[in-house]
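Residues per chain are reported as follows:
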Amino acid sequence: MRAAVVSEPAGKFEIVNLPIPTPANNEVLIKVEACGICHGDSVTVEGGFDGKCKLPRIPGHEIIGIIKEIGKNAKGSWKVGQRVGVGWHADHCGSCNECIHGEFGACKFAKVTGLDVDGGYAEYMISKTEALSEIPENLDPIISAPIMCAGRTTFGALIEGNAKPGDLVAISGFGGLGHLALKYAKEMGFVVAVISRGQAKKELAVKMGARYYIDSQTGDVSKELMKLGGAKLILATAPNAKILEKLTDGICRNGTIMIITYVGQPMNFVAGKLLHSNGIIRGWTGGVASDALKFSSSNLILPTVETFKLDEVQKAYDKMMSGEVKFRAVITF
Ligand SMILES: NC(=O)c1ccc[n+]([C@@H]2O[C@H](COP(=O)([O-])OP(=O)(O)OC[C@H]3O[C@@H](n4cnc5c(N)ncnc54)[C@H](OP(=O)(O)O)[C@@H]3O)[C@@H](O)[C@H]2O)c1
Ligand SMILES: [Zn+2]
């Protein structure tokens, strides 16, 4: 099979030929139809959280494909020929000290798709059955692949957040996660403000349903939000501490800022102001892929994608990192 591999931290992708893997206990072999390029894949490319990722590795955790083979003792009623999706599946052991009492993600037995085990930038991949989602029949595999991470994360955040239909929800960073957050939020009945750098994405944001557009490079983002009454919920997806800092005074009373983006740097904010708003700053990872798939399938809320062949993976990845993809790069096979 052909696969895109990263062999050293911050290295370039290489396209290599590898043997098609064989599914072991409770695993399936998937022929990949499409794999989205999530910003989260930069964690793998950079060598993992705290340099813990063992390279070489095949990244990719927004996968849709067809089951080709099923290993022994497979759980569930998965069938050869069935279309399935796989996301950022953290196969935590669930019973070690870290899983029960420790820091999230500290389980040393955890195996995350595309980080600790090979992912979907390849013609074939292996997955545990627990990581599989059934893909509704009316969803195109190429367009829908980003639902497996970008979709389920933002859909879950909007459900978990404390905003109600009619409330102002702000989305910071208008990329893979941000554009799906906008589409879901609009469909759920929220009033949406998109916060993006420059004016380049304004027209598309409005077309996708944003009522307001705030340029984070020129305006005072929090002041602009407060002119609108303050956001009940801000989904922070732009991977930059300076942008995060601009959001903290933009929530209304009892508002929440959900940090979805992975930012390794510290951020500054005036703690006292949070007291005045009764506000919450919290993190968010998770969401249930099958819920997002169901919502997308029922309401035809779909990602906007740019497709690339496996040979073009470096170009697609670089374009994603520079924030130029509109709005999710997807590798097709
Ligand atoms: N919590 C979770 O479970 C979870 C799941 C998936 C991804 N993530 C994380 O969420 C973040 C967003 O992922 P994504 O796939 O949506 O990324 P993406 O497609 O690259 O979009 C991120 C957007 O943020 C803005 N941006 C990018 N680089 C920036 C920079 N240096 N400074 C300021 N703004 C910048 C850009 O929007 P504008 O052009 O509009 O400014 C860009 O389009 C990443 O950190 C990713 O690792 C977390
Ligand atoms: Zn992701």
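## A closer look at the coordination of the zinc ion (ligand 2)
Octahedral metal centres with six donors ideally show angles of 90 or 180 degrees, and tetrahedral centres with four donors ideally show 109.5 degrees.
Here is step 1: Within the protein, Cys38 (SG), His61 (NE2) and Cys149 (SG) serve as the donor atoms for the zinc ion (ligand 2), at 2.0 to 2.3 Å.
Here is step 2: All donors of the zinc ion (ligand 2) come from a single chain, and their spacing in sequence reads C-x22-H-x87-C. Taken together, the residues His61 in the loop between helix H1 (41–45) and strand S4 (63–70) and Cys149 in the loop between helix H3 (141–144) and helix H4 (150–160) connect sequence positions 88 residues apart. Of the two residues, His61 and Cys149, neither departs from the other in class, the shared state being buried.

## Here's the deal with the domain arrangement of the protein chain
Here is step 1: In terms of domain boundaries, the protein chain breaks down into domain 1 (2–140 + 302–332) and domain 2 (151–283).
Here is step 2: The interface is formed by 12 residues belonging to domain 1 together with 14 residues belonging to domain 2.
Here is step 3: Of the roughly 1000 Å² buried at the junction of domain 1 and domain 2 (both faces included), carbon and sulfur atoms supply 64%.
Here is step 4: One can count 0 salt bridges joining domain 1 with domain 2.
Here is step 5: For the side of domain 1 that touches domain 2, the residue count by class is 6 nonpolar, 4 polar and 2 charged.

## Regarding the site of ligand 1
Here is step 1: The environment of ligand 1 is made up of 27 residues, and the closest members are His39, Ser196, Lys201, Trp284 and Arg328.
Here is step 2: Contacts to ligand 1 include Phe174, whose backbone N or O atom sits 2.9 Å from an oxygen atom.
Here is step 3: Thr285 is positioned with one of its side-chain polar atoms (N or O) 2.8 Å from an oxygen atom of ligand 1.
Here is step 4: The protein chains hide 89% of the 910 Å² of surface that ligand 1 would expose on its own.
Here is step 5: Split into classes, the residues belonging to the shell around ligand 1 amount to 11 nonpolar, 13 polar and 3 charged.

## Describing the packing of aromatic side chains
Here is step 1: Under the definition given, this model contains 8 aromatic pairs.
Here is step 2: Geometrically, the ring pair formed by Phe49 and Trp88 is edge-to-face, given 6.4 Å between the ring centres and 75° between the ring planes. Pair noted here: Phe49 is in the loop between H1 and S4 and Trp88 is in the loop between strand S5 (83–86) and helix H2 (97–101), with a separation of 39 residues, a long-range link.

## Topic: the environment of Gly65
Here is step 1: For Gly65, the position within the fold is in strand S4.
Here is step 2: Residue Gly65 is classed as buried on the basis of its relative accessible area, which comes to 0%.
Here is step 3: Along the sequence, Gly65 and Gly209 sit 144 residues apart, while their C-alpha atoms lie 30 Å from each other.
Here is step 4: Discounting residues that sit within four places of it in the chain, Gly65 has contacts with Ile30, Lys31, Val32, Glu33, Gln82, Arg83 and Val84.

## Details of the nonpolar core
Here is step 1: Core analysis: the biggest nonpolar cluster contains 41 residues, and Leu158, Leu182, Tyr184, Phe190, Val194 and Leu235 have the highest contact counts within it.
Here is step 2: Elements that contribute at least two residues to this core include exactly H4, strand S8 (168–172), helix H5 (176–188), strand S9 (191–196), strand S11 (231–236) and helix H10 (289–299).
Here is step 3: Looking at this core element by element, the count peaks at 7 residues for H5.
Here is step 4: Residue contributions to this core reach at least three from each of two domains, namely domain 1 (2–140 + 302–332) and domain 2 (151–283).

## Section: the side chain of Ser297
Here is step 1: You can see Ser297 is positioned in helix H10.
Here is step 2: When residues no more than four places from it in sequence are discounted, the contact partners of Ser297 are Pro136, Asn138 and Leu139.

## Observations concerning the sheet that holds S8
Here is step 1: Strand order in the open sheet formed by 6 strands is S10-S9-S8-S11-S12-S13, and the pairing between neighbours is parallel. Each edge of the open sheet carries a strand with a single partner, namely strand S10 (212–215) and strand S13 (280–283). Between one strand axis and the next, the sheet turns through 20° on average, direction left out of account.
Here is step 2: Here H4 sits on the sheet in contact with S8, S11, strand S12 (251–259) and S13, set at roughly 155° to S11.
Here is step 3: Each of S8, S9 and S11 touches H5; the most contacted strand, S9, lies at about 170° to it.

Rules used in this analysis
Residues numbered from 1 in each chain as written. Chains lettered and ligands numbered in written order. Predicted model: local features only at pLDDT ≥ 70, side-chain atom pairs only at ≥ 80, totals over all residues. Heavy atoms only, no water. Donors = N, O, S within 2.8 Å, 3.2 Å for Na, K, Ca; no water. Helix = DSSP H or I, 4+ residues; strand = E, 2+ residues; numbered from the N terminus. Buried < 20%, exposed > 50% of the residue type's maximum accessible area, 1.4 Å probe, protein only. Domains from an automatic or database assignment. Contact = heavy atoms within 4.5 Å. Buried area = accessible area lost by both parts, 1.4 Å probe. Salt bridge = Lys/Arg side-chain N within 4 Å of Asp/Glu carboxyl O. Nonpolar A, V, L, I, M, F, W, Y, C, P; charged D, E, K, R; others polar. Near = heavy atom within 4 Å. Polar contact = N/O pair within 3.5 Å; in protein donor to acceptor, adjacent residues only side chain to side chain. Areas by Shrake-Rupley, 256 points an atom, 1.4 Å probe, with all protein chains shown as cover. Phe/Tyr/Trp six-rings, centres within 6.5 Å; stacked < 30°, edge-to-face > 60°. Core = buried A, V, L, I, M, F, W, Y, C linked by side-chain atoms within 4.5 Å. Pairing = 2+ DSSP bridges. Axes fitted to C-alpha atoms, helices over the stretch in contact; angles between N-to-C directions.

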